[in-house]
Amino acid sequence: MTTVSIARPLFGRRRTRNPMVLGLVRHVLLIAVLIVMLYPVVWMVAASFRPSAEVMNSLGLFSKNYTLDNYKQGWSAGQLNFSRYFLNSIVITTLSIAGNLFSCSLTAYAFARLEFPFKRVLFGLLLATMLLPYHVTLVPQYILFNELAWMNTYLPLVVPKWLGVEAFFIFLMVQFIRTLPRELDDAARIDGCGHWRTFIRIIMPLALPALGTTALFTFINSWNDFLGPLLYLNRPELWTVSLGLNSFLDVTGESAFGSLFAMSTLALAPIVGFFLVSQKLLIEGVATTGLK
Amino acid sequence: MKSTRTGREGLTAYVFLSPWLIGVLLLTIGPMLYSAYLAFTSYDLLSAPKWIGLDNFRRMFTADPRYFSSVKVTLVYVAVSVPLLLIVSMVLALLLNKGIKFLSGYRALFYLPSLMGASVAIAVLWRQIFGSTGLVNQVLSLFGIQHGSWVGSPGTALWTIVTLNLWAFGATMIIFLAGLRQVPAELHEAAAVDGAGPIRRFFSVTLPLMTPLIFFNLLLDTIHAFQAFTGAFVVSRGTGGPTDSTLFYTLYLYQQGFAELRMGYASAMAWALVIVLAAFTGFLFLTARRWVYYGDER
Amino acid sequence: MKRLGTAALALLMVAGCSGTSVGDPGGDSAAGGQDGKGEVKGGLQLTFWGGANRAAKTNAVADLFVKAHPGVTVDRQNADFGNYFNKLNIQASSKTLPCVMQLQGRQLNDYTKRKVLLPLDPMIESGAIKVDDIPKEVVDTGRGPDGKLYFLPYGAAYDAVGVNATLAEQAGVGLPPEGYDWKQYTDWMTRAQAKLPAGTFAAGARGSTPNYFIAYNLANGKQLFTDDGKLGFTKETLIEYWEMWEKLRKAGVTMSADSQADEPQSAEQGFIAQGRILTDSIPGNALTPASATLATKPGGQKLTTLPMPSGPEGSGNAMFTSGFAIPTNCDNVPTAAAFIDFFTNDLEAGKVFKSDNGAATNTKVLDAQLKDPALAPLKKHELELYAQIVAKKPPTILYPPGYQATFESAYSRAYEEVAFGKKTVQQAADAFFAEADAGLGG
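Residues numbered from 1 in each chain as written. Chains lettered and ligands numbered in written order. Predicted model: local features only at pLDDT ≥ 70, side-chain atom pairs only at ≥ 80, totals over all residues.

## Let's talk about the overall build of chain B
Consideration 1: Counting its secondary structure elements, chain B contains 13 helices and 2 strands.
Consideration 2: Dimensions along the principal axes, computed over C-alpha positions, put chain B at roughly 85 × 75 × 30 Å.
Consideration 3: Across the 298 residues in chain B, those meeting the buried criterion constitute 48%.
Consideration 4: In chain B, 69% of the contacts between residues at least 6 apart in sequence involve partners at least 24 apart. (Helix = DSSP H or I, 4+ residues; strand = E, 2+ residues; numbered from the N terminus. Buried ≥ 20, exposed ≤ 12 C-beta atoms within 10 Å, placed from the backbone. Contact = placed C-beta atoms within 7 Å.)

Shown next, in the form of structure tokens:
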């Protein structure tokens, strides 16, 4: 009996099928799917560089006239002020990242490394909050922040991050820290380090991948956040990029697609940028969440 | 000695946990209890909550046809997009699993949309490309097919949002891909030696081993799907239209609670959802024993 | 840490007692009392609805005000009409309403019901706001059910029937005759449709537009609302009306339902401005912006406006006014009052704003515009039509709370279900009546 090589492509039927052809078919399939998926975005970016008359009626990516007009016009069209919006988004996102890193790492260390009464109950609570839909806290939180007079400030969007409200990242870090050998902790103990020192000096540097993943995902979630700013940031000078984009067509009139696409491209650019720089980290992070 | 150390360790632990504990109490448990109370009141934030007993629920279940629209829309959305998401992610993960060239490139490119999927920018783009003169119709007209606006017609508006969710399958795919990598090659070999073709191998070897991840993704993707908001809001311009065909549960809750200041009603809606989701989660966990295969069981 | 303590306390407060609100300046705690007298200084928040054109003019007036009062800043927020009131409601709930907020009679009672507006009568008495040159009936349109004045109308608008005169001529039908009624209107549309170029329609799928329906009711002598805020017309009237539109739609005289759903919201961008339909219900003041867009079509097309179709009981037109109100949470009442007074009464402001939101209510401002030789012919036509309508003493409708959220939204949705074939006219009318009765008036 002939031994079958495990390198057989998955969907080949007869053993005599040429693996090369099948590999090619696979690539073609994958590329086709990719093109269909990514074309709209690429088209939008290309359209943002075309003059406004050509924006919507051309299917292709290329044009004879390239222009930056859409960008210039969209940036401060009408009462819109994207400098402000980008600034707001950056501030909120940075504070959110710092908050998540702070609160999630502390909590994760406790769950991963320390023993304490009710640990199982609290861990169960943590998991339960991961599965809780946000609707049930949406209205009361709004009322709470209203009572605190935090409306029209960044606080409702940022402070919860400092209080470990994103259980997913806590979970991520717990799983990660658990993989670090305990001998390191013990060695540190022998050297006289208390838990705080162990946390700062030993665990955190080693947990850099998990911290990085947390920071990146917090960035993306915070940057894309829409419902939060919609509820809490009513004054246009506090708007984030999401709100600015949403009101774009209302404020500038529906023929301003060129500038809309230009601003959308700019809004997506940081995400794509960070992604290109750190995609390995992101993907590894996502991959490991499912595995442990 | 040991008891004081554990005692002290316990104390230290609680210090480490304090931000999270405060957060859980003030931002999760507290609000949940308060909204449970509000669900029985009529409250517009400007005057005190007025106790009305079961009236909110009565209205929800008997006197509010829009509520049922929102439930229907959301259920259809979840029931269609989550399985589709899982299937598409699995298929593509399988395609990518065989050590082909440019694997990391493909993986990265498939993943990129899921980072952008929740953004307003993409939702805005989606509204344009599915509009009456948008990209999709332009492509269709190349094949001689004329069609009206996809987002303007009640029969198709919801599907545009389903495609949006599907477009962001990358994250789920990566989780599956990582799981596939962990299927031991020996098992495939052994099955192949026994004469199993690739499809048979998939169903007998791969799929059972992947059930923990399928479970994980099913759970998280479902909860995520129930919370859809941005896409629906931007595509329907906040209306949930046309004719409430995109009136997602979250969107309706937002409209009732914040745009019309019926916070009691919105709280009732929120709790109805939580109870349903809890039941679903519980059901999933219970049945998991039947179909989720953990490698360490015999 | 302190903030966390406050948060805990706040949560206990909120959970324990009955919604005490923070920072409620019920009386004279703010700078300057509620009579609006005081120093005009500091910052002001202004919110209004409208597209790019309206925003430009409103901003220009705000700039004039700032120039006249150095040291004052005016922050502006605008949104399109559809979203404007949602945002305003959210702001109302958090007591962060902008000091100068634009309102119409249609939504007024949503806010008076919740008592978030300051009565303006004391400010009129003290002279901070002047109404000497505004006709009393017009001022009264800003009153709430308790008789107090809650917004000062600055523009009196009406809904008109817009007709693309160029297309009408090309189709050989001309304009509807003077004093025309609904039967003549629909017959005229049907005749025109036969001769219109492909792709253009006589009308939009307008069964879903409340304004047309209001006109229909008035022309037939029906009341829109009873005194206690319930529906004042019968289901039969509604069914009759919708069947009229359905007949037109099925005959291809109106645009299809799903194309209709794509229509942009603003006056400059609507279908009639794009030259895709022959006639539509448009606010009288949309004549100028819509014409501007229409004129850019090849060959240049012209738009004109007519009164609504009349009926056995007279004209179908109603007046509705827009104006500014001051919320109770405003902390700069004197400046807000001064701004409202300026916007409504100042001659320079009137020149800049050009009655963009309906004829200026201040008769001197309006006169100055009418006498202005540089007055654009379209604007002149709009203002003349206004005078014509006012002469017939149109009623002002008292809208109950929930009008916008319940009536308008339920009405459009109900018709849309018919237009998309999901309900029969009878079913939709039943559903609409059920929803409206449940939601209106309280």
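## Considering the overall build of chain A
Consideration 1: For chain A, the count of helices and strands is 13 helices and 0 strands.
Consideration 2: If you list the helices and strands of chain A from N to C, you get α-α-α-α-α-α-α-α-α-α-α-α-α.
Consideration 3: Radius of gyration (C-alpha) of chain A: 25 Å, far over the 19 Å computed for a compact globule of 292 residues.
Consideration 4: Each of the three principal axes of chain A carries a C-alpha extent, and together these read 80 × 70 × 35 Å.
Consideration 5: The buried share of chain A, taken over its 292 residues, is 44%.
Consideration 6: Restricting to contacts in chain A with at least 6 residues of sequence separation, those with at least 24 account for 74%. (Rg over C-alpha atoms; globule rule 2.2 N^0.38 Å.)

## Some words on the interface of chain B and chain C
Consideration 1: Residue-level contacts link 27 residues of chain B with 28 residues of chain C.
Consideration 2: At the level of secondary structure, the elements contributing two or more residues to the side of chain B that touches chain C comprise helix 1 (2–38) and helix 12 (249–259) of chain B.
Consideration 3: Top contributing element to the side of chain B that touches chain C by residue count: helix 1 of chain B, with 4 residues.
Consideration 4: Residues of the side of chain B that touches chain C, tallied by class, amount to 14 nonpolar, 10 polar and 3 charged. (Nonpolar A, V, L, I, M, F, W, Y, C, P; charged D, E, K, R; others polar.)

## A short note on the pairing of strand 8 (residues 319–325) of chain C
One face of the sheet, then the other: side chains in a regular strand alternate in exactly this way.
Residue and element names in this part refer to chain C.
Consideration 1: With 7 of 7 residues buried, strand 8 lies mostly within the body of the structure.
Consideration 2: Note: strand 3 (residues 100–104) against strand 8, 4 bridges, orientation antiparallel. Paired with glutamine 104 across the bridge in strand 8 is serine 322.
Consideration 3: Two elements, strand 4 (residues 152–164) and strand 8, share 6 bridges in a ladder whose sense is antiparallel. Bridging from a neighbouring strand, alanine 157 pairs with phenylalanine 320 of strand 8. (Pairing = 2+ DSSP bridges.)

## Some thoughts on the nonpolar core
Consideration 1: Phe248, Met269 and Ala270 of chain B are the most contacted members of the largest nonpolar core, which has 125 residues in total.
Consideration 2: Two domains each put at least three residues into this core: domain 1 (19–75) and domain 2 (82–252) of chain A.
Consideration 3: Excluding its chain neighbours within four sequence positions, the residues that come into contact with alanine 270 of chain B are His135, Val136, Leu138 and Val139 of chain A together with Ser35 and Leu253 of chain B.
Consideration 4: Counting 124 residues, the second largest nonpolar core, distinct from the first, contains Leu118, Phe213, Val333 and Leu366 of chain C. (Core = buried A, V, L, I, M, F, W, Y, C linked by C-beta atoms within 7 Å. Domains from an automatic or database assignment.)

## So, the environment of proline 242 of chain B
Residues and elements named next belong to chain B.
Consideration 1: Positionally, proline 242 belongs in the loop between helix 11 (230–235) and helix 12.
Consideration 2: We classify proline 242 as buried; it has 27 C-beta atoms within 10 Å.
Consideration 3: Taking the C-alpha atoms as reference, proline 242 lies 14 Å from tyrosine 252; in sequence the two are 10 residues apart.

## Some remarks on the interface of chain B and chain A
Consideration 1: Counting residues at the interface gives 80 residues for chain B and 71 residues for chain A.
Consideration 2: No other element matches helix 1 of chain B, which puts 20 residues into the side of chain B that touches chain A.
Consideration 3: Class assignment for the residues of the side of chain B that touches chain A results in 58 nonpolar, 18 polar and 4 charged.

## So, helix 5 (residues 135–147) of chain A
Residue and element names in this part refer to chain A.
Consideration 1: Here helix 5 is 13 residues long and its end C-alpha atoms lie 19 Å apart, about the 18 Å a rise of 1.5 Å per residue gives.
Consideration 2: Of all the 13 residues making up helix 5, 13 are buried; the element is thus mostly covered by neighbouring parts of the structure.
Consideration 3: Positioned one or two residues after helix 5, alanine 149 has a phi angle of 60°, which is positive. (Expected span 1.5 Å × (residues − 1).)

## Quick notes on the domain arrangement of chain A
Consideration 1: Each domain of chain A was delimited in the assignment, giving domain 1 (19–75) and domain 2 (82–252).
Consideration 2: One C-alpha centre belongs to domain 1 of chain A, the other to domain 2 of chain A, and the line joining them spans 35 Å.

## A closer look at the confidence of the model for chain A
Residue and element names in this part refer to chain A.
Consideration 1: Here chain A shows a mean pLDDT of 84. Residues at 70 or above account for 90%.
Consideration 2: Within chain A, no element has a lower average pLDDT than helix 12 (residues 241–252), which sits at 80, and none a higher one than helix 6 (residues 155–162), at 95.
Consideration 3: In this model residues 1–8 is a low-confidence stretch, pLDDT under 50, and it forms 7 contacts with partners more than four residues away in sequence or in other chains. (pLDDT = per-residue confidence, 0-100.)

## Details of the environment of asparagine 217 of chain B
Residue and element names in this part refer to chain B.
Consideration 1: Mapped onto the elements of the fold, asparagine 217 is located in helix 10 (residues 198–226).
Consideration 2: Here asparagine 217 falls in the buried class, since 24 other C-beta atoms lie within 10 Å of it.
Consideration 3: In sequence terms asparagine 217 and alanine 171 are 46 residues apart; their C-alpha atoms lie 9.7 Å from each other.

## Points about the packing of helix 1 (residues 19–47) of chain A against helix 4 (residues 103–116) of chain B
Consideration 1: Their axes nearest at 10 Å, the elements helix 1 of chain A and helix 4 of chain B cross at an angle of 30°. In this view, helix 1 of chain A runs roughly parallel relative to helix 4 of chain B, as classed from their interaxial angle. Remark: the crossing between helix 1 of chain A and helix 4 of chain B carries left-handed chirality. Between helix 1 of chain A, through Leu30, Leu34, Met37 and Leu38 of chain A, and helix 4 of chain B, the contact on the second element is made entirely by Tyr106, Leu109, Phe110 and Pro113 of chain B. (Axes fitted to C-alpha atoms, helices over the stretch in contact; angles between N-to-C directions. Parallel < 35°, antiparallel > 145°, perpendicular 65-115°, else oblique. Left-handed = near helix turned anticlockwise from the far one by under 90°.)

## Brief notes about the environment of valine 78 of chain B
Consideration 1: Position of valine 78 of chain B relative to the elements: it lies in helix 3 (residues 65–96).
Consideration 2: Ignoring anything within four residues of it in the chain, the contact list for valine 78 of chain B reads Thr222, Ala225 and Phe226 of chain B.

## A few points about the packing of helix 8 (residues 182–190) of chain A against helix 9 (residues 195–206) of chain A
All names here are of chain A.
Consideration 1: At a minimum axis distance of 10 Å, the contact between helix 8 and helix 9 shows a crossing angle of 125°. On the basis of their axis angle, the class for helix 8 and helix 9 is oblique. As for how helix 8 packs across helix 9, the hand of that crossing is right-handed. Together, Leu184, Asp185 and Ala188 of helix 8 and Arg197, Thr198 and Ile202 of helix 9 make up the contact between the two elements.
Consideration 2: Classifying every residue of the contact of helix 8 with helix 9 by side-chain character gives 3 nonpolar, 1 polar and 2 charged.

## Thoughts on the pairing of strand 1 (residues 42–49) of chain C
All names here are of chain C.
Consideration 1: With 6 of its 8 residues buried, strand 1 lies for the most part within the structure.
Consideration 2: As a crossover connection, the stretch from strand 1 through helix 2 (residues 52–68) into strand 2 (residues 72–79) is right-handed.
Consideration 3: For strand 1 and strand 3, the ladder comprises 2 bridges, and the chain directions are parallel. Its bridge partner lying in strand 3, leucine 46 is registered against valine 100. (Right-handed = clockwise from strand over helix to strand, strands pointing away.)

## Looking at the confidence of the model for chain B
All names here are of chain B.
Consideration 1: Summing up the model confidence of chain B, the mean pLDDT is 87 and the portion of residues at 70 or higher is 96%.
Consideration 2: For chain B, helix 9 (residues 185–193) is the element with the lowest average pLDDT, namely 82, and helix 3 is the one with the highest, namely 93.
Consideration 3: Scored as a complex, the prediction yields pTM 0.85 and ipTM 0.85.

## Concerning unusual backbone geometry
Consideration 1: With phi around 60°, aspartate 244 of chain B is a residue other than glycine that occupies positive phi space.
Consideration 2: If you trace the backbone, aspartate 244 of chain B turns up in the loop between helix 11 and helix 12.
Consideration 3: At lysine 354 of chain C, a residue that is not glycine, the phi angle is positive and equals roughly 55°.
Consideration 4: With respect to the element layout, lysine 354 of chain C can be found in the loop between helix 15 (347–353) and strand 9 (359–360).
Consideration 5: Taking the number of C-beta atoms within 10 Å as the measure of exposure, lysine 354 of chain C has 17 and is therefore partly exposed.

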